[in-house]
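What the coordinates show
Spelled out from the first residue to the last, the chains are:
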Amino acid sequence: MAKQPLSHPILMTPRLRLRQFREDDVEAMHGCFTNVESMRYWNTPPHTKRIETERAVRRFIDCTPSYYRFWAVADKTTDRCLGLVNYHDGHIRNKRVAIGYIVDPAHCRQGVATEAVSAMIRFCFQDLGLHRLQAFIHPDNAPSLKLIEKLGFRREGLLRENLRVSEEWRDDLLYARLSTDRPAEAGSEGRR
Ligand SMILES: CC(C)(COP(=O)(O)OP(=O)(O)OC[C@H]1O[C@@H](n2cnc3c(N)ncnc32)[C@H](O)[C@@H]1OP(=O)(O)O)[C@@H](O)C(=O)NCCC(=O)NCCS
């Protein structure tokens, strides 16, 4: 008998519901992916065509949980998508993944990423039993550096020309948090 696909885990926080992407999230994500500031340190150039976002959202829906998974970060009350969190480069058997996140600029600096990424970290450690979470961040990406340090990740070094975007090589700072590290103060709990 064919295996049933596992349902996408829903992560609840005080203000947010992290859920599976749907095709009607394209509009909201297109706002993020066309914003030049938000995309300055992303691993692709800003989107210029809606089809690029449609394809991206399709990929977010068709996760391969052993390798990558995306959650739409939705407002708990309105269900409107405010951005995404993900793990990728997954080596679930080796208990290690990298994480990523983007929040609609209209909703930035309100603690959305802190709340959403905290919930995903908890899921990775507690539900997936992972040991090491990594983040690759451009040295000039101040909001992302602030966020990741606040969440208890430690800087481990500079990776020179680690990422190539539009013919340009970029450095990354490598950050990691281990399951055995002291839990971060940041918090938002829950999973349904
Ligand atoms: C990084 C990002 C997800 C943060 O989202 P957010 O919802 O604004 O984050 P929060 O409100 O939870 O803030 C987290 C911390 O970062 C700080 N911060 C957020 N934006 C900042 C900015 N522009 N400059 C300096 N600090 C900033 C906040 O003050 C907060 O620290 P505090 O609690 O000590 O005050 C968002 O800026 C973003 O989408 N950036 C573009 C995409 C991106 O670069 N992703 C990461 C790729 S590695």
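Numbering of residues starts from 1 in each chain and follows the order in which that chain's sequence is written. Given that the model is predicted, a residue must reach a pLDDT of at least 70 before its local features are reported, and side-chain atom pairs must reach 80 or more before they are shown or counted; all residues, however, enter totals for whole chains, interfaces and linings.

1. Quick notes on the overall build of the chain
Each helix is a run of H or I in the DSSP string that is no shorter than four residues. Each strand is a run of E no shorter than two, and both are numbered from the N terminus. What the chain contains, in helices and strands, is four helices and eight strands. Scanning the chain from its N terminus toward the C terminus, one meets helices and strands in the order β-β-α-α-β-β-β-α-β-α-β-β. Taking 16 Å as the expected radius of gyration for a compact globule of 192 residues, we find that the chain reaches 16 Å, a close match to that expectation. Considered along the principal axes of its C-alpha atoms, the chain spans approximately 45 × 40 × 40 Å. Exposure classes come from backbone-placed C-beta atoms, where a residue is buried if 20 or more other C-beta atoms lie within 10 Å of its own, exposed if 12 or fewer do, and partly exposed in between. Per-residue burial over the chain gives 31% buried out of 192 residues. In the chain, the share of contacts with a sequence separation of at least 24, taken over all contacts with a separation of at least 6, comes to 59%. As a reference, a globule follows 2.2 Å times the number of residues to the power 0.38, and the radius of gyration itself is taken over C-alpha atoms. Contacts are defined on C-beta atoms placed from the backbone: any two residues whose C-beta positions lie within 7 Å are in contact.

2. As for the site of the ligand
Throughout this description, a residue near a molecule or strand is one whose C-beta atom, derived from the backbone, lies within 6 Å of it. Close contacts around the ligand come from 22 residues, with Cys108, Ala113, Thr114, Pro143 and Lys146 the closest. Among the secondary structure elements, those contributing two or more residues to the shell around the ligand are β5 (96-103), α3 (112-127) and α4 (142-150). Element by element, the count of residues in the shell around the ligand is highest for α4, at six residues. Looking at the shell around the ligand residue by residue, the classes come out as 12 nonpolar, seven polar and three charged. Three residue categories are used. Nonpolar comprises Ala, Val, Leu, Ile, Met, Phe, Trp, Tyr, Cys and Pro, charged comprises Asp, Glu, Lys and Arg, and polar comprises the others, including Gly.

3. Quick notes on the sheet that holds strand β6 (residues 132-137)
Strand pairs in the sheet, formed through backbone hydrogen bonds, run parallel or antiparallel to each other. Ordered by their spatial adjacency, eight strands build an open sheet running β1-β2-β3-β4-β5-β6-β8-β7, and the pairing between neighbours is mixed. A single partner strand is all that each edge strand has here, and the edge strands are β1 (11-12) and β7 (154-165). Strands were regarded as paired on the criterion that DSSP finds at least two bridges between them. Here β7 runs beside strand β8 (residues 168-178); their pairing, made up of eight bridges, is antiparallel. Among the inter-strand pairings, Val165 is bridged to a residue of β8, identified as Glu168.

4. What about the nonpolar core?
Core analysis: the biggest nonpolar cluster contains 46 residues, and Leu18, Trp71, Val73, Ala116, Val117 and Met120 have the highest contact counts within it. It is α3 that contributes the most residues to this core, nine residues altogether. We define the nonpolar core as any set of buried residues of the types Ala, Val, Leu, Ile, Met, Phe, Trp, Tyr and Cys, connected via C-beta atoms lying within 7 Å of each other.

5. Let's talk about helix α2 (residues 50-61)
In this model α2 runs 17 Å from its N-terminal to its C-terminal C-alpha over 12 residues, within 8% of the 16 Å that 1.5 Å per residue would give. Contacts from the buried residues of α2 go to α1 (26-33), β3 (69-75) and β4 (81-91). Take the number of residues in a helix, subtract one, and multiply by 1.5 Å to get its expected span.

Nothing here speaks to function; it is all geometry.
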